[in-house]
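The chain contents come next:
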Amino acid sequence: MADILLKRDSTLAATYVPNTFIDEYMTHADGEFVKIYLYLLRCMNNPDTVFSISDIADKFDHTEKDVTRALKYWEKMRLLRLEFNKQAELTGICLSDFTSSKMPRAAQEAEPALPADTCHTEQKHKLPERTEYSRNQLALLSESESVQEILFVTERYLGHPLNNTEIQMILYWLDKLKFSPSLVEYLIEQCVAKNHLSIRYMDKIALSWAEAGIRTLTDAKQALQHHGNAVYAVQKAFGISNRTLAEAELKYVHKWSEELGFSDEVIALACEKTILRIHQISFDYADSILQNWKQHNVRTLNDVKLLDAQYQEAKAKKVSAGKAAVRTAKGTCAGGFANFSQRTYNYEELERELLSQAR
């Protein structure tokens, strides 16, 4: 077949879509989520545009919950940041810089919330037997509105209709493991955010949660706070292996991850730099490093390298300027006192003058 040349006849107003979004994010996201993100990019052409969740829902014939779910998905993917007021009302959406929001490869391979090896160190709960549901049982369970919504949400996240095996697993979580619908949705969100789109993978995490006694969304978030990826990254960087983090230390990790929005890799690097500089564990010192990086708009490991290079260059210039000043001072001292004007004398003339005075 002949090659196809793509061209345009007119110059129309356009919306810029970064190649990174198309290459790395769009292929894994639900189509409706992509529509909403593209609409946000379109709205960026009018920076003063003010709209609401209901406005977006009306435009795409979605529910407000669908729109909120899409926004939260893109926030988990670090492509935008949601801003709230004290009343927990959404007041702003800040689109991230694609040069600093590339999905970390290490994060794609990490466990979504509670690593399986953590469950092995805690008291295990016996798992109920897994049995296959009959057609009648599937129909009966699927009559529940909450079950219907979970199945619908899962299809949206995975981007394809669920097959019988996938439905069987999800119903097992809800019916046998006694997971709340909000917990199942949270599990799916966390896995998709880490680019794990396999129901079998999600099932492994669900089993590990059940063994750890996690049954509600609150349980999962508490487990995430104490055993999440950021916590493990900090423990590894600081070499903490014989204890769990204290509440005050967990607050630091939560601040770095949630409030400042740093990735696990950047947080771990700050902890490593703390050890190298002061040779001891200090959450306060690591916090000062991360606060400084935040002020300099550091988001990725490459940003840290660039900032370090700039610092070393400025330091080298300062040292060079100091050495030049020292050399100038030494040269001045060698030639005479710098504070007095130098005089020249004709010693033969002085000698004749002294001899005449002596006579």
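Notes on the structure in this doc start here. (Residues numbered from 1 in each chain as written. Predicted model: local features only at pLDDT ≥ 70, side-chain atom pairs only at ≥ 80, totals over all residues. Heavy atoms only, no water.)

Details of helix H14 (residues 247-259)
Relative to the 18 Å expected for 13 residues at 1.5 Å per residue, H14 spans 17 Å between its end C-alpha atoms, a close match to the ideal helical length. Of all the residues in H14, the buried ones are Glu 249, Leu 250, Val 253, Trp 256 and Ser 257. For H14, the angular spread of the buried residues around the axis is 125°, confining them to a single face. For H14, the exposed residues set more than 90 degrees away from the buried face come down to Ala 248, Lys 251, Glu 258 and Glu 259. (Helix = DSSP H or I, 4+ residues; strand = E, 2+ residues; numbered from the N terminus. Expected span 1.5 Å × (residues − 1). Buried < 20%, exposed > 50% of the residue type's maximum accessible area, 1.4 Å probe, protein only. Arc of directions from axis to C-beta.)

Comments concerning the pairing of strand S2 (residues 90-95)
Relative to S2, strand S1 (residues 80-84) is paired through 5 bridges, and the arrangement is antiparallel. From the neighbouring strand, Phe 84 faces S2, where its bridge partner is Leu 90. Where S1 hands over to S2, the hairpin turn is made up of 5 residues, of which Ala 88 adopts a positive phi near 65°. (Pairing = 2+ DSSP bridges.)

Regarding the packing of helix H13 (residues 229-238) against helix H15 (residues 264-278)
Running from N to C, H13 and H15 cross one another at 25°; their axes reach a closest spacing of 8 Å. If you check the angle between H13 and H15, you find them roughly parallel. Handedness of the crossing formed by H13 with H15: right-handed. Across the interface between the two elements, Asn 229, Ala 230, Ala 233, Val 234, Ala 237 and Phe 238 of H13 pack against Asp 264, Ile 267, Ala 268, Cys 271, Glu 272, Thr 274 and Ile 275 of H15. Tallied by class, the residues present in the contact of H13 with H15 amount to 9 nonpolar, 2 polar and 2 charged. (Axes fitted to C-alpha atoms, helices over the stretch in contact; angles between N-to-C directions. Parallel < 35°, antiparallel > 145°, perpendicular 65-115°, else oblique. Left-handed = near helix turned anticlockwise from the far one by under 90°. Contact = heavy atoms within 4.5 Å. Nonpolar A, V, L, I, M, F, W, Y, C, P; charged D, E, K, R; others polar.)

Observations regarding the pattern of salt bridges
Once the charged atoms of two side chains with opposite charge are near each other, the side chains can pair. Taken as a whole and judged by the stated rule, the model has 9 salt bridges. Where Lys 35 meets Glu 32, a salt bridge forms, and the shortest distance between an N and an O atom there is 3.4 Å. Taken together, the positions of Lys 35 and Glu 32, both in helix H2 (residues 31-43) and 3 residues apart, correspond to about one turn of that helix. A relative accessible area of 41% means that Lys 35 is categorised as partly exposed. (Salt bridge = Lys/Arg side-chain N within 4 Å of Asp/Glu carboxyl O.)

Re a negative patch on the surface
There is a patch of like negative charges on the surface, built from Asp 55, Asp 58, Asp 61 and Glu 64. Summarising the element assignment, Asp 61 is placed in the loop between helix H3 (53-60) and helix H4 (64-76). Its relative accessible area of 71% is what places Asp 61 among the exposed residues. (Patch = residues over 30% accessible without salt bridge, like charges linked within 9 Å, V, L, I, M, F, W, Y side chains within 5 Å. Areas by Shrake-Rupley, 256 points an atom, 1.4 Å probe, with all protein chains shown as cover. Lys, Arg positive; Asp, Glu negative; His and termini not counted. Charge placed at Lys NZ, Arg CZ, Asp CG, Glu CD.)

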